[in-house]
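Commentary on secondary and tertiary structure
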Amino acid sequence: MQENTKNIRISVRNLVEFILCSGDLDNTKTRSDADAMQAGSRMHRKLQKQMGANYTAEVPLSITVPVTKDGIEFELTIEGRADGIIHNNIISEDFSVLIIEEEDIPPEVIIDEIKGVYIELSHLNAPVGVHRAQAMCYAYIYATKQEYSRIGIRLTYCNLETETLRYFEETLTYEELSTWFNHLVTEYAKWAAWQIKWTDKRNTAIKALNFPFPYREGQKELVTGVYKTILRNKKLFIEAPTGVGKTISTVFPSVKAMGEGIAEKIFYLTAKTITRTVAEDTFKILGSNGLLLKVVTITAKDKVCILDKPDCNPGACPRAKGYFDRVNDAVYDLLTKENDISRDHVITYAEKHCVCPFEMGLDVTLWADAIICDYNYVFDPNVYLRRFFMNEKRCDYIFLIDEAHNLVDRAREMYSAVLYKENFLEVKRLIKDKSVKLAKLIDHCNNDLLRLKRDCDEFEVIENADGLCIHLISLMTEYEIFLQEGIITQGKEEILRLYLDIRHFLNMYELRDDCYTIYTDYEEDLFRIKLKCMDPSKNLLACMDKGKSAILFSATLLPINYYMEQLGGNKEDYAIYAPSSFYPENRLIMIGSDVSTKYTRRNEKEYRKILNYIKVFTEARTGNYMVFFPSYQLLQEIALLAEGELDGIVAQSSSMSEADKELFLEEFVENPKSSRIGFCVMGGIFSEGIDLKNNRLIGAVIVGTGLPMVCNERELFRGYFDERNNAGFDYAYLYSGMNKVLQSAGRVIRTKEDRGAILLLDERFTQKQYYNLFPREWFPNVTVNINSMKSMLHDFWYSDSENTVD
């Protein structure tokens, strides 16, 4: 082949799992291999150390084979690491005087593949097909390199709780392995050939792509900064006010990096549906300017499932039966016929090939250039895309993390775990007639929780949960057997939920270090033990280190040092502020300093003062307004006072559906004849991720500083960070509250042409610790009382003829 021949690399594991995976989707079967991987790695090392001198552990193996497919010549490199290679020290003289068949002679070399599992090994009658295939791949590579005519393979299964072992051994000829391996390569060749053709076509289009808009002030520097960060394998934290164009400013340089071969895949990570839509629209804009890119959005299972309620097993869903036998054909059909891999296209091709649209959408991601998805698919230890992140190898992935301020609390929850005592009793009731042994093991765990409950009057921090975890590990082994037997007749959801909760608790307990606190308390009279992640930075960093670069951006990433610390940044990473492109004269920011929302000041007199501010603010000009409160309780108190005094109020309720949300926003029309005043809650569905452009929203009132309510868990955070940096109040309350304030205020002025007013109602906004957290574009601002605010609003709205209402 020529020197510039393309090379495709794939791991042994990915190759065999992609080509040889078969059978059904089945949520009633546990996934021991993937779930046991972390514990299995430790067992690997333990077993390897126990082997003799003729055992070589962790042997890297690779082979490059020439392939021709569809007129394309390329090389396919298949690589991995064999768990062990056993050398049988055979002395040839031992057999020189014997006449025996070759197949009776032990092979000189055996490839050992170790798998840690939780299932009872007596239930394992044969090695799992893809496990055997991994061993066969390594055997072929090693036999080819060392010119062996025969070679052995051994599958070593170890129960991670009992440490019992079971072996499956066989000897294969080189001819058998060669025929099998060549068939494997042939099956994969069409995919590799398609990938090469598509990559060439894509990169040609990327190189011709120009930025689709005239650069705004500071935007070109932002685009350049993102590209250089990717080039240097760093992280970049961007504080970018609304209107800067942060989505296109991060996507465009990432795409250009892909075209230069610097990046392999782009993950656009979001917390909300609206920001996923913005990302999709951005890629479409680039597509209309000549970009060719396979972009996939991962849609939640319940939104694409053909059933009323997802139930992924062959007994409940026809598309689960034989899913893995059909899905590769479905994916190849979609990839070769569509460039826009939209949700509708995934649903259409899934129906054509009778496969699950959600799972097919995940499988398409292997071949996509860009993936738009929730944070969970990269960071959540239960949901993350194992096909990309299960191995330790670092890949050329770019993580674009939108609304990154949300990731702090989301990550803390992802890496925390909780168990409720009552759930153990409920599952015991459901299974006691089906498995006496499982019921007894549940009893052991329940007794552990009962002892903890007796020591907990209201809230108790405990040093460790070692005793409980020992019993949980024993329980999980029997739980696995019970689920594998498939004898659940009722309570399936409750039984599976407890199994998943225990598994997550044990996995997080393995990660436990000084970034965790364990406590017991009561939630609505239900006793629980919670393993709380206080600082998620190490866990997030471990995930981001699987890629090349991460760009984290938000309109409210203040203070930047706090977010860099909590989101896995270090001193070598970068942080920049993107200047606002909006005209300062189009925004009026006022602080009502003679009012407070402190709990000690909450009374009807103070509520009346707040209402008067809202009345004067909204009467200054006919239009649409939003008033953001720190809680539903305060919202309702003010709404009650406003009856008969303030017209046009529409109030957010605590349980609004997506349809309710749309109806609420439809109240905010352009050029209204009468004012609409939305009463909303800070941190709720209307304080972030909505985009009321032009004059659909002309003003916002922020009632209070948004500080979270004092509670035991918040006080834990306060004490934890006081010990570390003497900033406990800031970390537990202040930064979270002010972020809600900034997000709520950010609903006003969404385009360069918008004009709007913001009123901050609380005397604390004039204090230094709050004032210092104002973004640059909030200066200048002015402190007002009701009388001075009235005249200031009049001057702002009617200072020139252009702003006079028709």
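Refer to the preceding data block for the structure.
The rules behind these values
- Residues numbered from 1 in each chain as written.
- Predicted model: local features only at pLDDT ≥ 70, side-chain atom pairs only at ≥ 80, totals over all residues.
- Heavy atoms only, no water.
- Helix = DSSP H or I, 4+ residues; strand = E, 2+ residues; numbered from the N terminus.
- Expected span 1.5 Å × (residues − 1).
- Buried < 20%, exposed > 50% of the residue type's maximum accessible area, 1.4 Å probe, protein only.
- Polar contact = N/O pair within 3.5 Å; in protein donor to acceptor, adjacent residues only side chain to side chain.
- Core = buried A, V, L, I, M, F, W, Y, C linked by side-chain atoms within 4.5 Å.
- Contact = heavy atoms within 4.5 Å.
- Patch = residues over 30% accessible without salt bridge, like charges linked within 9 Å, V, L, I, M, F, W, Y side chains within 5 Å.
- Areas by Shrake-Rupley, 256 points an atom, 1.4 Å probe, with all protein chains shown as cover.
- Salt bridge = Lys/Arg side-chain N within 4 Å of Asp/Glu carboxyl O.
- Lys, Arg positive; Asp, Glu negative; His and termini not counted.
- Charge placed at Lys NZ, Arg CZ, Asp CG, Glu CD.
- Axes fitted to C-alpha atoms, helices over the stretch in contact; angles between N-to-C directions.
- Parallel < 35°, antiparallel > 145°, perpendicular 65-115°, else oblique.
- Left-handed = near helix turned anticlockwise from the far one by under 90°.
- Nonpolar A, V, L, I, M, F, W, Y, C, P; charged D, E, K, R; others polar.
- Phe/Tyr/Trp six-rings, centres within 6.5 Å; stacked < 30°, edge-to-face > 60°.
- Pairing = 2+ DSSP bridges.

A rise of 1.5 Å per residue sets the reference length of helix α23 (residues 604-619), with its 16 residues, at 22 Å; its end C-alpha atoms lie 22 Å apart and thus fit the reference within 8%. Along α23, the positions that sit buried rather than exposed are E606, Y607, I610, L611, Y613, I614, K615, V616, F617 and T618. Its side-chain oxygen at 3.1 Å from the backbone nitrogen of K605, N603 defines the N-terminal cap of α23.

Turning to the nonpolar core, a few remarks are in order. One finds Y188, F379 and M626 to be the most contacted residues of the largest nonpolar core, which totals 193 residues. Tallying contributions element by element places helix α6 (residues 174-207) first for this core, with 12 residues. Once residues within four sequence positions are removed from consideration, Y188 is found in contact with I8, I10, L15, F18, I19, L76 and W367.

Glancing now at unusual backbone geometry. In the segment running from L558 into P559, the intervening peptide bond is cis, with an omega of -5°. Its location among the elements puts P559 in the loop between β17 (549-554) and α22 (560-566). The omega torsion across F779 and P780 is 0°, close enough to zero to call that bond cis. For P780, the location among the structural elements is in the loop between α28 (768-771) and β25 (782-784). With a phi close to 50°, E524 is a non-glycine residue in the positive phi region.

Turning to a negative patch on the surface, a few remarks are in order. Among the surface-exposed residues, D455, D457, E458 and E460 lie close enough to one another that they form a single negatively charged patch. By relative accessible area, which is 75% here, D457 ends up exposed.

In this section: the packing of helix α8 (residues 246-259) against helix α9 (residues 273-288). At a minimum axis distance of 10 Å, the contact between α8 and α9 shows a crossing angle of 55°. Between α8 and α9, the crossing angle belongs to the class labelled oblique. The two elements α8 and α9 cross, and the hand of that crossing is right-handed. Contacts from T247, I248, V251, F252 and V255 in α8 reach V278, A279, T282, F283 and L286 in α9. Class assignment for the residues of the contact of α8 with α9 results in eight nonpolar, two polar and no charged.

Attention shifts here to the packing of helix α1 (residues 12-20) against helix α5 (residues 129-146). As a packed pair, α1 and α5 sit with axes 9 Å apart at the nearest point and diverge in direction by 130°. With respect to their mutual orientation, α1 and α5 come out oblique. For α1 against α5, the interelement crossing comes out right-handed. In this structure, α1 uses V12, R13, V16, E17 and L20 to contact α5, whose residues at the interface are V130, A133, Q134, C137, Y138 and I141. Here the residues of the contact of α1 with α5 sort into eight nonpolar, one polar and two charged.

Taken as a whole and assessed by the stated rule, the structure comprises 46 aromatic pairs. On the basis of an interplanar angle of 15° and a centroid distance of 5.5 Å, the ring pair of Y140 and Y174 is categorised as stacked. Taken together, the residues Y140 in helix α5 and Y174 in helix α6 connect sequence positions 34 residues apart. Ring centres 6.1 Å apart and planes at 70° place the aromatic pair Y268 and F553 in the edge-to-face group. On the criterion of sequence distance, the pair formed by Y268 in strand β8 (residues 265-270) and F553 in strand β17 is long-range, its members being 285 residues apart.

The strand order β10-β9-β11-β8-β12-β17-β7-β18 describes an open sheet built from eight strands, whose pairing is parallel. At either end of the open sheet lies a strand with only one pairing partner, and these are β10 (340-341) and β18 (574-577). Bridging between β8 and strand β11 (residues 370-374) involves five bridges; their strand directions are parallel. Directly across from Y268, in β11, lies its bridge partner I372. Strands in contact with helix α7 (residues 219-231) are β7 (235-239), β12 (397-401), β17 and β18; relative to β7, the strand with the most contacts, it is inclined by about 160°. Where helix α21 (residues 537-544) meets the sheet, its contacts fall on β7, β12 and β17, and the angle it forms with β12 comes to roughly 135°.

A word on the pattern of salt bridges. Opposite charge on two side chains permits them to pair, given that their charged atoms come into close proximity. Considering all chains together, one arrives at 41 salt bridges under this definition. The residue D333 makes a salt bridge to K337 at a minimum N-O spacing of 2.7 Å. Here K337 and D333 lie together in helix α11 (residues 323-337), a separation of four residues that amounts to about one turn. Judged by its relative accessible area of 9%, D333 is buried. On the accessibility criterion, K337 (51% relative accessible area) is exposed. Linked by salt bridges that have partners in common, E413, K530, K532 and E713 make up one network.

Without other data, these values stay purely geometric and don't point to any function.
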